[in-house]
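Commentary on secondary and tertiary structure
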Amino acid sequence: MTPQAKLIFTISLLLGTTIVISSNHWVTIWAGLEINTLAILPLIAKSHHPRAIEAATKYFLTQATASTLLLFSATTNAWYTGQWDITQLTHPAACLILTSALAMKLGLAPFHFWFPEVLQGSSLTTSLILSTAMKFPPMTLLLITSPSLNPTLLTSMAILSAALGGWMGLNQTQIRKILAFSSISHLGWMVIIVSYNPKLTLLNFYLYALMTTTVFLTLNVIKTSKLSTLMTTWTKTPALSAMLMLTLLSLAGLPPFTGFLPKWFIIQELTNQNMAPAATAIALLSLLGLFFYLRLAYCATITLPPHTTNHMKQWHTNSPTSITIAILTTTSIMLLPISPMILTTI
């Protein structure tokens, strides 16, 4: 793909996202989401590999269905209330259809099946965009419309996402699929609190995007997409592998790291809302995710060739680590001490 084409698609992505987050009319929001979908499709399919073409087709069909449901929801609400404004969503059927549409856009259970397949067929850079930037517009819509949506339904979908994201990630050997199930699991944490404290959802999304960006950029530098090749990277870039291990433990939500911050706040808020059973359930389900993060961390740093794999031992490289990765890694593992300051802003 030529640089000019990449520039056009990137600008289109930014334009679509800006239109969605700055609009209050359903039709312009729908148009922004369509621009986003059409801009990312060539980036998914650019390698012309059959897996990439399949991923682009699955992504297009899923997002087209979700956009249709979103437009149907808006039309139903306008039919009964005469309002096209995003904040005036009052009809119960329209609210239910919108919940389905946003769950499909985000990859929230039970509409999550497309997400791991699409990520597996994409490059690491495109997978990063799909996991972070492409989730921002539907997440914004979820935050704005959350007062109109059914809290019980959202809580059920959130716990289901945390469960499925954990269980289905256990048996994977492809790193992109593991990170896709990790994303589904994190979405459960974001959605469970959206009806009670939307700012916490946004904080969780920002920190998740930060940690996922760090992991994907690190994997892109060491050119790794499978657990078997991750085992051989310690000899090539030991410092980067050590940082990857810490970032993965942060993504798992272990206490000394940044990833513990949103989980702590969310469990505290759920307990304040008299939802201790939901808090207990989602906290226990996050242990499933902890297992595959520990497995990734173990493969990245503790397993050395040739004990477990036939891959050739790679040469050590002295190339300096990118300053972007260094800054992202630092923030991914060291934001917990400033949590009192963050707490004052939410």
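Residues numbered from 1 in each chain as written. Predicted model: local features only at pLDDT ≥ 70, side-chain atom pairs only at ≥ 80, totals over all residues. Heavy atoms only, no water.

Let us now look at the packing of aromatic side chains. Within this structure, the stated rule accounts for seven aromatic pairs. Measuring from centroid to centroid gives 6.1 Å for phenylalanine 260 and tryptophan 264, while their planes differ by 10°, and the two rings are stacked. Note that phenylalanine 260 and tryptophan 264 are positioned in helix α13 (residues 260-272) at a spacing of four residues, about one turn of the helix. Residue phenylalanine 260 is classed as partly exposed on the basis of its relative accessible area of 26%. Taking 5.0 Å as the distance between ring centres and 50° as the angle between the ring planes, the aromatic pair formed by phenylalanine 292 and tyrosine 293 counts as tilted. (Phe/Tyr/Trp six-rings, centres within 6.5 Å; stacked < 30°, edge-to-face > 60°. Helix = DSSP H or I, 4+ residues; strand = E, 2+ residues; numbered from the N terminus. Buried < 20%, exposed > 50% of the residue type's maximum accessible area, 1.4 Å probe, protein only.)

A separate point is helix α12 (residues 238-252). Here α12 contains 15 residues, and its C-alpha end-to-end distance of 21 Å stays within 8% of the 21 Å for a straight helix at 1.5 Å per residue. Contact partners of the buried residues in α12: α9 (175-192), α10 (198-221), α11 (227-230), α13, α14 (276-301) and α15 (323-334). Looking one or two residues beyond α12, the residue adopting positive phi is glycine 253, at roughly 90°. (Expected span 1.5 Å × (residues − 1). Contact = heavy atoms within 4.5 Å.)

Attention now goes to unusual backbone geometry. For the peptide bond that leads from alanine 109 to proline 110, omega is 5°, which places it in the cis range. For proline 110, the position within the fold is in the loop between α4 (92-106) and α5 (114-121). For lysine 223, which is not glycine, the phi dihedral falls at a positive 55°. The backbone of asparagine 274 shows a phi angle near 60°, a positive value even though the residue is not glycine. The topology assignment puts asparagine 274 in the loop between α13 and α14. Using a relative accessible area of 71% as the deciding quantity, one classes asparagine 274 as exposed.

Considering all chains together, one arrives at three salt bridges under this definition. In this structure, glutamate 54 engages lysine 58 in a salt bridge whose closest nitrogen and oxygen atoms are separated by 2.7 Å. Of the two residues, glutamate 54 and lysine 58 both sit in helix α3 (residues 50-81), four residues apart, roughly one turn of that helix. Exposure remark for glutamate 54: the relative accessible area of 35% places this residue in the partly exposed category. Between glutamate 117 and lysine 58 there is a salt bridge; the shortest N-O distance is 3.7 Å. Here lysine 58 lies in helix α3 and glutamate 117 lies in helix α5, a separation of 59 residues in the sequence. Overall, glutamate 117 belongs to the partly exposed group, its relative accessible area being 26%. A relative accessible area of 28% places lysine 58 in the partly exposed class. One salt-bridge network, in which partners are shared between bridges, spans Glu54, Lys58, Glu117 and Lys177. (Salt bridge = Lys/Arg side-chain N within 4 Å of Asp/Glu carboxyl O.)

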